[in-house]
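# Notes for the structure review
Here are the chains, one letter per residue:
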Amino acid sequence: MFKKILVANRGEIALRVICACKDLNIPTVAVYSEADRHSLHVRFADEALCIGPAASSESYLNIPSIISAAEVANVDAIHPGYGYLAESDHFSEVCETCEIKFIGPPPQAIRMMGDKARARQAMHDAGLPIIPGSGIVNEEEDALQALKEVGLPLIIKAAAGGGGRGMRIVREEDQLLDALDTARSESKAAFGNSDVYLERYLDNPRHIEFQILADSHGNVIHLGERECSIQRRHQKLIEESPSPVVKDKERRELGEQICKAVAEIGYENAGTMEFLRDQKGRFYFIEMNTRVQVEHPVTEMVSGVDIVKEQIEIAAGKKLTTKQDQVKLSGHAIECRINAEHPRTFSPSPGRITAYHPPGGPGVRVDSLAYADYVVTPHYDSMVAKLIAHGANREEALQRLSRALDMFVLEGIDSSIDLHRRIIRNVQFRSGEFGTSFLQTADLD
Ligand code: ADP
């Protein structure tokens, strides 16, 4: 097992990784920017090193600085969390060169899945259904040709995309070239790469994703699915497991197909296979995330598996100890992402938290970076907490979630707590009958 792990991240996920390391008795090293000097991950790690100024590009994305910290602290592994360098094949390669284990997949797997057009092709070849679409289309002529094959409406997507950025919906043929132009420049600005591809645009689908774990000995299991259709601007806001619409047989069959495809590409570590499900109930692979996800706790609560601990053990070369038929999914879990944001405009609301009391009680988990007096800085993501409730069934999970939202004290900044209250009261949400357009159309008052 590793002797010491550096956590190359901040916020709640850095704390989450520290928890897993403590449970495994592995000392940790936190890295932090000047803006995060008073953060909890700095406090709870065994050692902490400052890696640069507030700007992420100079700290949490600064590979030389992070590698120097790893060498100074003499760690033998780095956990990247999610975001930042978690899906950087280059970083994973640098770690390999420096003989520090990157706790995640090997660089080639990150590279293949990081290009969404290539990932689609690879998964299609491995037998998974994909949405009709194109390869990379950078020229106008190629785009016009692809439109003929894909049909309307379609969506232009950034090959290097993530976080819902770099996407453009095209409903009429004469919108195509303008949209192509915008998507390409947006993608270049956000990801440093302007490659885009086209996909048929599905009307109000459900976003359903499978959590997988793959060890370095060729074993792959899945831990069921997560329903992530409650989204704002293509970004997830509420996630749950299981999905209210996935039947046991469907989970078993699709899960088996997924594990086979993941094994075929020689994947290793934790990963998420994302699908859209159309209104006829057909599933289509859209992308794979090669890291731990924000929403991993809902899977942990229904499966009892500590996903971050598994990531560390897999990276250390251990075999998965659980076989697929030993995976027991029990009850229902729902997560609300609580962001520091204005309740109407949704713009970030940084500032000092004056009072903070996270809820507890049966079936409730809070993963958060916050404490009373903590200052939410404008430099980073606006998520301050994840509130997760588990119950014997969806009804009980919702009841506990509602109680926990009411007992969540977060003062001094605006937050999405009230929006979550209104969503989970909504009749349509409660019925489980919703798709990714829910938030655009629902009456929430
Ligand atoms: P990102 O990597 O930016 O998160 P994804 O490919 O995972 O992008 O898509 C994010 C969301 O965008 C999906 O959950 C869905 O709401 C919407 N979306 C993506 N592709 C399509 C599509 N072909 N049809 C309809 N909605 C889509």
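Read on for an overview of the structure.

## Let's talk about the overall build of the chain
Across its full length, the chain holds 15 helices and 21 strands. Oriented by its inertia axes, the alpha-carbon framework of the chain measures out at about 60 × 55 × 45 Å. Across the 445 residues of the chain, 57% fall into the buried class. Long-range pairs, those at least 24 residues apart, make up 66% of the contacts in the chain between residues at least 6 apart in sequence.

## Some thoughts on the sheet that holds strand β15 (residues 332-339)
Pairing is antiparallel in the open sheet, where eight strands are placed in the order β14-β13-β10-β11-β12-β15-β20-β18. The open sheet has two edge strands with one neighbour each: β14 (283-289) and β18 (364-368). With strand direction ignored, the average angle separating the axes of adjacent strands in the sheet is 25°. Of the strand pairs in this sheet, strand β11 (residues 220-232) and strand β12 (residues 235-241) are connected by four bridges, and their pairing is antiparallel. Bridge assignment links Arg232 to a residue of β12, and that residue is Gln235. Lying over the sheet, helix α1 (residues 11-23) contacts β18 and β20 (383-391), oriented at roughly 115° with respect to β18. Relative to the sheet, helix α13 (residues 417-425) contacts β11, β12 and β15, its axis offset from that of β12 by approximately 50°.

## Quick word on the packing of helix α3 (residues 63-73) against helix α4 (residues 89-97)
At a minimum axis separation of 11 Å, α3 and α4 run at an interaxial angle of 30°. Here α4 runs roughly parallel to α3, going by the angle between their axes. Between α3 and α4 lies a crossing of right-handed hand. Mapping the contact onto sequence places Ile63, Ile66 and Ile67 in α3 and His90, Phe91, Val94 and Cys95 in α4. Taken together, the residues of the contact of α3 with α4 break down into six nonpolar, one polar and no charged.

## A short note on the packing of aromatic side chains
Across all of its chains, the model carries 11 aromatic pairs by this definition. Pairing Tyr60 with Tyr380 gives two aromatic rings, centres 5.7 Å apart and planes at 80°, and the pair type is edge-to-face. Taken together, the residues Tyr60 in the loop between β3 (47-52) and α3 and Tyr380 in the loop between β19 (375-376) and β20 connect sequence positions 320 residues apart. Take Tyr60 and Tyr380: they sit in the same class, and that class is buried. Aromatic pair Phe91 and Phe102: ring centres 5.9 Å apart, planes at 80°, arrangement edge-to-face.

Each value, and the rule that gives it
- Residues numbered from 1 in each chain as written.
- Predicted model: local features only at pLDDT ≥ 70, side-chain atom pairs only at ≥ 80, totals over all residues.
- Heavy atoms only, no water.
- Helix = DSSP H or I, 4+ residues; strand = E, 2+ residues; numbered from the N terminus.
- Buried < 20%, exposed > 50% of the residue type's maximum accessible area, 1.4 Å probe, protein only.
- Contact = heavy atoms within 4.5 Å.
- Pairing = 2+ DSSP bridges.
- Axes fitted to C-alpha atoms, helices over the stretch in contact; angles between N-to-C directions.
- Parallel < 35°, antiparallel > 145°, perpendicular 65-115°, else oblique.
- Left-handed = near helix turned anticlockwise from the far one by under 90°.
- Nonpolar A, V, L, I, M, F, W, Y, C, P; charged D, E, K, R; others polar.
- Phe/Tyr/Trp six-rings, centres within 6.5 Å; stacked < 30°, edge-to-face > 60°.

None of the figures reported here should be taken as evidence of function without further support.
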